[in-house]
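Structural overview for review
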Amino acid sequence: MSRPQWIVKFVGIHEMGPESAFLVGLAENEFGDGSNITLQSGLEEPDSQQRKHGLDTYCILNETGEMQYGGLEAVRLMENCLVLKFSFDAAQTLSLPGRELILGIAPEVDVDALRSGLRRALTWGDPERVPQVLEL
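Everything quoted here is computed from the prediction, not taken from an experiment. (Residues numbered from 1 in each chain as written. Predicted model: local features only at pLDDT ≥ 70, side-chain atom pairs only at ≥ 80, totals over all residues. Heavy atoms only, no water.)

Considerations on the overall build of the protein chain
In terms of helices and strands, the protein chain carries three helices and 10 strands. In the protein chain, the succession of α and β elements from N to C terminus is β-β-β-β-α-β-β-β-β-α-β-α-β. Taken against the 2.2 N^0.38 rule, which gives 14 Å for 136 residues, the C-alpha radius of gyration of the protein chain at 14 Å falls within 12% of a compact globule. Taken along its principal axes, the extent of the C-alpha atoms in the protein chain is 40 × 30 × 25 Å. Expressed as a percentage of its 136 residues, the buried residues of the protein chain come to 41%. Long-range pairs, those at least 24 residues apart, make up 50% of the contacts in the protein chain with a sequence separation of at least 6. For the protein chain, the computed accessible surface area is about 7,600 Å², with 47% contributed by carbon and sulfur atoms. Side chains of the protein chain give 11 positive and 21 negative charges; the mean places of these two sets differ by 5 Å. (Helix = DSSP H or I, 4+ residues; strand = E, 2+ residues; numbered from the N terminus. Rg over C-alpha atoms; globule rule 2.2 N^0.38 Å. Buried < 20%, exposed > 50% of the residue type's maximum accessible area, 1.4 Å probe, protein only. Contact = heavy atoms within 4.5 Å. Areas by Shrake-Rupley, 256 points an atom, 1.4 Å probe, with all protein chains shown as cover. Lys, Arg positive; Asp, Glu negative; His and termini not counted. Charge placed at Lys NZ, Arg CZ, Asp CG, Glu CD.)

What follows is the structure in structure tokens.
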């Protein structure tokens, strides 16, 4: 496996309001001014408008402001590493250097909480858009 592109030192997992979103934020630091990625999903089942517009799945945001709905083909979480494999289109949309993003995980990160948060965010909505390989 290649070296990590960056190290996750801060994980934030939050429900934003009763009708808003569930967030899993991964960042180099708690201020979010370095590399970061956020996975967002809904709190309730997707409605017909979300399904109609393809918004019935998780959303990925990064530090450059790019956003992608769906697009993860595989997710593998280990004790000290998270590997995210993106579709070609998602990698382009998010301006990634390649299709695979390897993130180291600092010892202070609660891996069990991260696992639970990722599972919740990535399995929300359209089951056809859940990553094909989900090793959490």
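Focus on the sheet that holds strand β2 (residues 10-16)
Taking strand neighbours across the sheet as the criterion, the five strands line up as β2-β3-β4-β5-β6 in an open arrangement whose pairing is antiparallel. The sheet is open, and its two borders are formed by β2 and β6 (67-69), each paired with just one other strand. Mean inter-strand twist for the sheet, computed between neighbouring axes without regard to direction, equals 15 degrees. Of the strand pairs in this sheet, strand β4 (residues 36-42) and strand β5 (residues 59-62) are connected by four bridges, and their pairing is antiparallel. Bridged to Gln40 within β5 is Cys59. (Pairing = 2+ DSSP bridges. Axes fitted to C-alpha atoms, helices over the stretch in contact; angles between N-to-C directions.)

Overview of the pairing of β4
Here β4 lies mainly inside the structure; five of its seven residues are buried. Taken together, the seven bridges between strand β3 (residues 21-27) and β4 define a ladder with antiparallel strand orientation. Its bridge partner lying in β4, Phe22 is registered against Ser41.

A closer look at the pattern of salt bridges
Tallied over the entire structure, the rule returns five salt bridges. Across the pair Arg129 and Asp56 runs a salt bridge whose closest N-O atoms are separated by 3.4 Å. Placement of the pair is Arg129 in the loop between α3 (111-122) and β10 (133-135) and Asp56 in the loop between α1 (48-52) and β5, with a sequence separation of 73 residues. Note on Arg129: relative accessible area 26%, which makes it partly exposed. When the shortest N-O distance is used, the salt bridge between Arg76 and Glu135 registers 3.1 Å. In this pair, Arg76 is assigned in strand β7 (residues 72-78) and Glu135 in strand β10, connecting sequence segments 59 residues apart. Owing to a relative accessible area of 38%, Arg76 belongs among the partly exposed residues under this scheme. Relative accessible area serves as the criterion here: at 39%, Glu135 is assigned to the partly exposed category. (Salt bridge = Lys/Arg side-chain N within 4 Å of Asp/Glu carboxyl O.)

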